[in-house]
Amino acid sequence: MQTSSILRTEQVNQSRTVEQLVIGQATSDGAGVKLNRVLTQSLQRRLDPYLMLDAFGSDKPDDYIAGFPDHPHRGFETITYMIAGRMLHRDSAGHEGLLENGGVQWMTAGRGVIHSEIPQQQEGVMEGFQLWLNLPGKDKMNAPWYRDFAAADLPRFVTEAGVAVTVIAGASHGIAGAVTRDTTAPLYLDLHFPANARFTQSLPAGHNAFVYVYRGEVSIDGGAVPAQRMAILANDAHADGVVIESSSDARMLLIAGQPLNEPIAQYGPFVMNTEQEIYQALNDFRDGRLV
């Protein structure tokens, strides 16, 4: 773990405010895995370059044990972050890995992969998140790419206020994350707050940003964000970041990125720029040419 003595303070003169609180939609995916779809298709333009955020968590094996059998992807990236339980990943490019507590799997589907995610436990808690990050049109047909990060491999630090930060993507307080992307410039932080703590993060004015609180409650510019809520942060040209405060223990994700401002055409697990590209993806999958 990297220590606060080497940190560069994130100066924020004016914090973004909460534009909207989102509850999410209870649904199921894969072979009946129960989850909360926090970032839905209706918010894709507003939160460009992000396409989806699912939060899943249960101590009932019937809610998750069947997992996500083989399914295709094309045109975007998936980031799976496990905070409890184990998930075995396999794909058609020959990649395989066991994602355990605190680990991240970052997969670039590119022109196409067939992928499966199967829980490797019969009892206990299975909890985590899957985030979909769009690819620019010029990269959608690139070769697939994959990387597993164990919890110990992820950059971490603790601020002077005691906030424990895991930097999955981007950079925070001078600490570079596990993954960077030039075009979408994703920032993905997991923040663990003790009581009465404050955290600042600078954000480029043009980047879309949101938080998801999964334990406790935080406050952003005086607006309360309770557990199991996503807060979309307002795009204010005068705000240079976000200031987050907690009165009690809390845990949350802070996610931001540079919008692509490109057309979005989605059909299930295929995300392209045009309907014709979607038809091509469907034909390629049907005819065995996706991978």
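Residues numbered from 1 in each chain as written. Predicted model: local features only at pLDDT ≥ 70, side-chain atom pairs only at ≥ 80, totals over all residues. Heavy atoms only, no water.

**Student:** Just checking my understanding: could you explain the sheet that holds strand S3 (residues 33-39) for this structure?
**Tutor:** Within a sheet, each strand pairs with its neighbour through backbone hydrogen bonds, oriented either parallel or antiparallel. The sheet built from 7 strands is open, its strands ordered S2-S3-S4-S11-S6-S9-S12 with antiparallel pairing. Every other strand in the sheet has two partners, leaving strand S2 (25-29) and strand S12 (145-149) as the edge strands with one partner each. Along the sheet, successive strands turn relative to each other by an average axial angle of 20 degrees, direction set aside. Relative to strand S9 (residues 104-108), strand S6 (residues 76-84) runs antiparallel, the two sharing 5 bridges. Residue pairing for S9: Ile79 is matched across the bridge by Trp106. (Pairing = 2+ DSSP bridges. Helix = DSSP H or I, 4+ residues; strand = E, 2+ residues; numbered from the N terminus. Axes fitted to C-alpha atoms, helices over the stretch in contact; angles between N-to-C directions.)

**Student:** Just to check I follow, could you spell out the pairing of strand S11 (residues 126-134) for this structure?
**Tutor:** Every regular strand shows the same layout, with side chains that alternate between the two sheet faces. Most of S11 is tucked away: 9 of the 9 residues are buried. Burial along S11 is two-sided: the residues Met126, Gly128, Gln130, Trp132 and Asn134 and Glu127, Phe129, Leu131 and Leu133 are all buried. Bridge count for S6 against S11 is 8 bridges, and the pairing is antiparallel. Its bridge partner lying in S11, Ala84 is registered against Glu127. (Buried < 20%, exposed > 50% of the residue type's maximum accessible area, 1.4 Å probe, protein only.)

**Student:** Looking at this structure, I do not really get the sheet that holds strand S22 (residues 229-233). What am I missing?
**Tutor:** Strand order in this open sheet of 7 strands is S1-S22-S19-S24-S17-S14-S13, and the pairing throughout is antiparallel. What marks the edges here is a single partner per strand, and that holds for strand S1 (18-22) and strand S13 (156-158). Strand after strand, the sheet turns through a mean of 20 degrees between neighbouring axes, direction not considered.

**Student:** Is there a simple way to explain helix H1 (residues 275-286) in this structure?
**Tutor:** Residues spaced three or four apart along an α-helix point in a common direction, a consequence of the helix completing one turn every 3.6 residues. In this model, H1 (12 residues) spans 16 Å end to end at C-alpha, consistent with the 16 Å of a helix rising 1.5 Å per residue. Within the sequence span of H1, burial applies to Ile278, Ala281 and Asp284. Axial view of H1: buried residues confined to an arc of 125 degrees, hence all on one face. Set apart from the buried face of H1 by more than 90 degrees, the exposed residues are Glu275, Gln276 and Arg286. Those residues of H1 hidden inside the fold are in contact with strand S25 (265-267) and strand S26 (270-272). Positive phi appears at Gly288, one or two residues downstream of H1, with a value of about 75 degrees. (Expected span 1.5 Å × (residues − 1). Arc of directions from axis to C-beta. Contact = heavy atoms within 4.5 Å.)

**Student:** Even after reading the chapter, I still don't get the nonpolar core, so can you show me in this structure?
**Tutor:** Grouped burial of nonpolar side chains is what soluble globular proteins tend to show. Phe129, Tyr188, Phe210 and Met230 are the most contacted members of the largest nonpolar core, which totals 28 residues. Not counting chain neighbours up to four residues away, the residues in contact with Met230 comprise Gln20, Leu21, Val22, Val38, Leu39, Leu43, Leu47, Phe210, Val211 and Tyr212. Grouped together as the second largest cluster of nonpolar side chains are 26 residues, Leu203, Ala209, Val211 and Leu254 included. (Core = buried A, V, L, I, M, F, W, Y, C linked by side-chain atoms within 4.5 Å.)

**Student:** Is there a simple way to explain the environment of Leu260 in this structure?
**Tutor:** Summarising the element assignment, Leu260 is placed in the loop between strand S24 (250-257) and S25. Remark: the alpha-carbon pair of Leu260 and Val165, spanning 95 residues in sequence, is separated by 27 Å.

**Student:** Explain the pattern of salt bridges to me, please; I cannot follow it from the model alone.
**Tutor:** Between side chains of opposite charge, a pair can form when the charged atoms approach closely. Counted according to the given criterion, the structure contains 10 salt bridges. Where Asp284 meets Arg74, a salt bridge forms, and the shortest distance between an N and an O atom there is 3.1 Å. Taken as a pair, Asp284 in helix H1 and Arg74 in the loop between strand S5 (68-73) and S6 lie far apart in primary sequence, 210 residues in all. Across the salt bridge formed by Asp287 and Arg286, the nearest N and O atoms sit 3.0 Å from each other. Owing to a relative accessible area of 40%, Asp287 belongs among the partly exposed residues under this scheme. Three or more residues are tied together by salt bridges with common partners; here these are Arg74, Asp284, Arg286, Asp287 and Arg289. (Salt bridge = Lys/Arg side-chain N within 4 Å of Asp/Glu carboxyl O.)

**Student:** Whenever I open this one, the packing of aromatic side chains confuses me. Can you help?
**Tutor:** Working definition: an aromatic ring pair is given by the centre-to-centre distance plus the angle between the planes. Summed over the entire model, instances satisfying the criterion amount to 7 aromatic pairs. Through a chain of ring-to-ring contacts, the aromatic side chains of Tyr81, Phe129, Tyr188, Tyr212 and Tyr214 assemble into a single cluster. One cation-aromatic arrangement involves Arg181 over Trp145; the distance from NZ or CZ to the ring centre is 5.0 Å. (Phe/Tyr/Trp six-rings, centres within 6.5 Å; stacked < 30°, edge-to-face > 60°. Lys NZ or Arg CZ within 6 Å of the ring centre and 35° of its normal.)

**Student:** Any chance you could explain the side chain of Glu10 here in plain terms?
**Tutor:** Counting through the fold element by element, Glu10 comes out in the segment before S1. It turns out Glu10 is buried and unbridged, and the closest side chain with the opposite charge, Arg8, is 4.7 Å from it. Within the local environment of Glu10, its side chain forms a polar contact with the side chain of Ser202, the two groups lying 2.4 Å apart. Sequence-distant contacts of Glu10, that is, excluding residues within four places in its chain, are made with Ala171, Ser172, His173, Gly174, Thr200, Gln201 and Ser202. (Lys, Arg positive; Asp, Glu negative; His and termini not counted. Polar contact = N/O pair within 3.5 Å; in protein donor to acceptor, adjacent residues only side chain to side chain.)

**Student:** What should I look at first to understand the pairing of strand S23 (residues 241-246) in this one?
**Tutor:** Most of S23 sits inside the fold, with 5 of its 6 residues counted as buried. Looking at chain direction, strand S18 (residues 197-202) and S23 are connected through 6 bridges and run antiparallel. Across the sheet, residue Thr200 finds its bridge partner in S23, namely Val243. Sheet analysis places strand S20 (residues 218-220) next to S23, joined by 2 bridges and oriented antiparallel.

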